[in-house]
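What follows is each chain in one-letter form.
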Amino acid sequence: MTEQQPIAVLGGGSFGTAISNLLAENGQQVRLWMRDAEQAEAIRTTRESPRYLKGVKVHAGVEPVTDLAETLAGSELIFVALPSSALRAALQPYAGQLAGKRLVSLTKGIEAQSFKLMSQILEDIAPQAHIGVLSGPNLAREIAEHALTATVVASEDEALCRHVQAVLHGRTFRVYASGDRFGVELGGALKNVYAIIAGMAAALGMGENTKSMLITRALAEMTRFAVKLGANPMTFLGLAGVGDLIVTCSSPKSRNFQVGFALGEGRSLEEAVTRLGETAEGVNTLKVLKAKAEELQIYMPLVAGLHAILFEGRTLAQVIEALMRGEPKTDVDFISPQGF
Ligand SMILES: NC(=O)C1=CN([C@@H]2O[C@H](COP(=O)(O)OP(=O)(O)OC[C@H]3O[C@@H](n4cnc5c(N)ncnc54)[C@H](O)[C@@H]3O)[C@@H](O)[C@H]2O)C=CC1
Ligand SMILES: O=C(CO)COP(=O)(O)O
């Protein structure tokens with residue numbers, strides 16, 4: 001199926017590029033908006049991004065563009081793959097052009113002061129738009145290299161979900177739909193924090209028991225938090241919950257995992273982030289999550305432990321000791337407080 005209008009993808013980083021390629025492979029005409037004219041020109045001439053997804057060819061159906069107003073005006077369906085720190089500022093000046101459009105956030109982060117998720121920011125900016133999110137176990141490089149992959153599009157607007165499924169479904173990419181936008185989006189944002197912890201554990205040579213404990217208790221912690229905020233806990237059993245948590249906590253291809261690994265090797269946070277040179281949302285998410293958990297009095301020992309290491313001068317050994325010696329708890333306590 002080819003649409004008449006081009007589809008816009010905002011953000012020429014790893015994920016924007018990977019999703020643009022999928023759309024183009026499905027016969028869609030894609031405008032990939034990026035702020036950097038030099039990078040756009042480099043893609044136009046070499047069909048490769050000079051910075052992201054090295055070695056991956058950018059499909060001929062993807063047109064790199066730099067005029068945001070024109071890009072927004074020319075598309076009904078717009079995917080947003082900007083870092084969470086940039087999304088509001090990049091789109092606010094164009095609010096008047098977004099009424100009636102279908103805006104789908106691919107960004108997995110939380111805004112610092114407001115604690116808003118990205119689709120809530122899109123709603124603030126463009127209350128007359130149709131809003132959705134896409135989230136799941138979706139490492140950009142694996143998508144670009146055609147690993148069999150599934151994702152979730154979530155929106156209250158069923159037509160938007162069907163539209164996204166129609167343009168993205170393909171030989172190697174399967175798109176499930178959900179009506180729980182908040183839960184799907186929250187899962188994608190929260191798991192980044194636990195991927196940092198998993199990277200640290202990997203660098204320290206911790207075993208598979210440890211990894212499994214970490215992922216399972218992370219799921220419990222995320223779900224406890226989400227339930228308190230009114231989300232449906234069942235969403236966390238899906239691709240955008242436990243699915244994304246598993247991939248991001250298991251793969252050295254995850255940038256959040258890489259930050260954690262560098263920390264586990266003894267590097268400072270600043271060094272770990274600078275060496276990465278790409279977006280790792282988990283560091284900012286950790287700060288806002290810790291503050292929110294305190295405000296709402298939600299028990300999140302993994303979040304508190306990582307925060308103590310990164311921002312409160314505690315050592316890893318001290319935090320591990322405190323976590324393991326914490327008071328006995330029941331399993332699956334986010335569904336029934338007694339666990340049985
Ligand atoms: N890379 C991945 O595997 C996946 C990433 N995501 C999410 O997608 C979002 C973007 O991540 P990536 O593409 O991986 O990041 P990236 O670090 O690969 O690229 C970020 C892009 O945003 C651009 N950018 C930064 N600030 C900007 C601004 N103020 N205005 C315009 N453009 C700006 C950069 O120039 C770059 O092109 C993140 O929230 C991430 O969590 C979601 C799923 C998978
Ligand atoms: O969200 C992702 C996989 O689903 C990508 O994770 P990173 O941002 O840690 O690379």
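Just so it is clear, the model here is predicted, and its values are computed rather than measured. (Residues numbered from 1 in each chain as written. Chains lettered and ligands numbered in written order. Predicted model: local features only at pLDDT ≥ 70, side-chain atom pairs only at ≥ 80, totals over all residues.)

Some thoughts on the sheet that holds strand S4 (residues 77-80)
In plain terms, the rule: Note on pairing: DSSP must find at least two bridges between two strands before they are called paired. Here a helix means four or more residues in a row that DSSP labels H or I, a strand means two or more in a row labelled E, and each is numbered from the N terminus. All axes here are fitted lines through C-alpha atoms, helices being fitted over the stretch that makes contact, and every angle between N-to-C directions spans 0 to 180 degrees. For every residue pair, C-beta atoms are placed from the backbone, and the pair is scored as a contact if these atoms sit within 7 Å.
Spatially, the eight strands line up as an open sheet ordered S3-S2-S1-S4-S5-S6-S7-S8, and their pairing is mixed. Pairing within the sheet leaves two strands with one partner each, and these edge strands are strand S3 (62-65) and strand S8 (173-178). Strand after strand, the sheet turns through a mean of 25° between neighbouring axes, direction not considered. Across four bridges, S4 lies against strand S5 (residues 102-105) in parallel orientation. Of the residues in S5, the one forming a bridge with Phe79 is Val104. Contacting strand S1 (7-10), S4, S5, strand S6 (130-135), strand S7 (149-154) and S8, helix H7 (residues 158-168) crosses the sheet at an angle of about 175° to S8.

Quick look at the site of ligand 1
Short version of the rule: For each residue, a C-beta atom is placed from the backbone, and the residue counts as near a molecule or strand when that atom lies within 6 Å of it. In this classification, Asp, Glu, Lys and Arg are treated as charged, Ala, Val, Leu, Ile, Met, Phe, Trp, Tyr, Cys and Pro as nonpolar, and every other residue, Gly included, as polar. As annotated, the domain borders come from an automatic or database domain assignment.
Taken together, 26 residues sit near ligand 1, with Gly13, Ser14, Ala86, Ala140 and Thr279 positioned nearest. Listing elements by their share of the shell around ligand 1, those giving two or more residues are helix H1 (14-25) and helix H4 (84-91). Grouping the amino acids of the shell around ligand 1 by side-chain chemistry returns eleven nonpolar, ten polar and five charged. If you count residues domain by domain, the shell around ligand 1 takes at least three from each of domain 1 (7-179) and domain 2 (187-324).

Re the UniProt feature "binding site: sn-glycerol 3-phosphate" (unreviewed entry) in the protein chain
Our working rule: UniProt positions are given in the numbering used here, feature names are shortened, and annotations may be inferred rather than shown by experiment. Neighbour density around each residue's C-beta defines its exposure: 20 or more other C-beta atoms within 10 Å make it buried, 12 or fewer make it exposed, and counts between make it partly exposed, where C-beta atoms are placed from the backbone.
Mapped onto this numbering, the UniProt entry gives "binding site: sn-glycerol 3-phosphate" (unreviewed entry) at Lys108, Gly136, Lys191, Asp244, Ser254, Arg255 and Asn256. Inspection of the secondary structure puts Gly136 in the loop between S6 and helix H6 (140-144). Beyond its immediate stretch of four places on either side in the chain, Gly136 contacts Ala150, Thr151, Val152, Leu239, Ala240, Gly243 and Asp244. Looking at where Ser254 falls in the secondary structure, it is placed in the loop between helix H10 (239-250) and helix H11 (255-264). C-beta crowding within 10 Å serves as the criterion here: with 25 such atoms nearby, Ser254 is assigned to the buried category.

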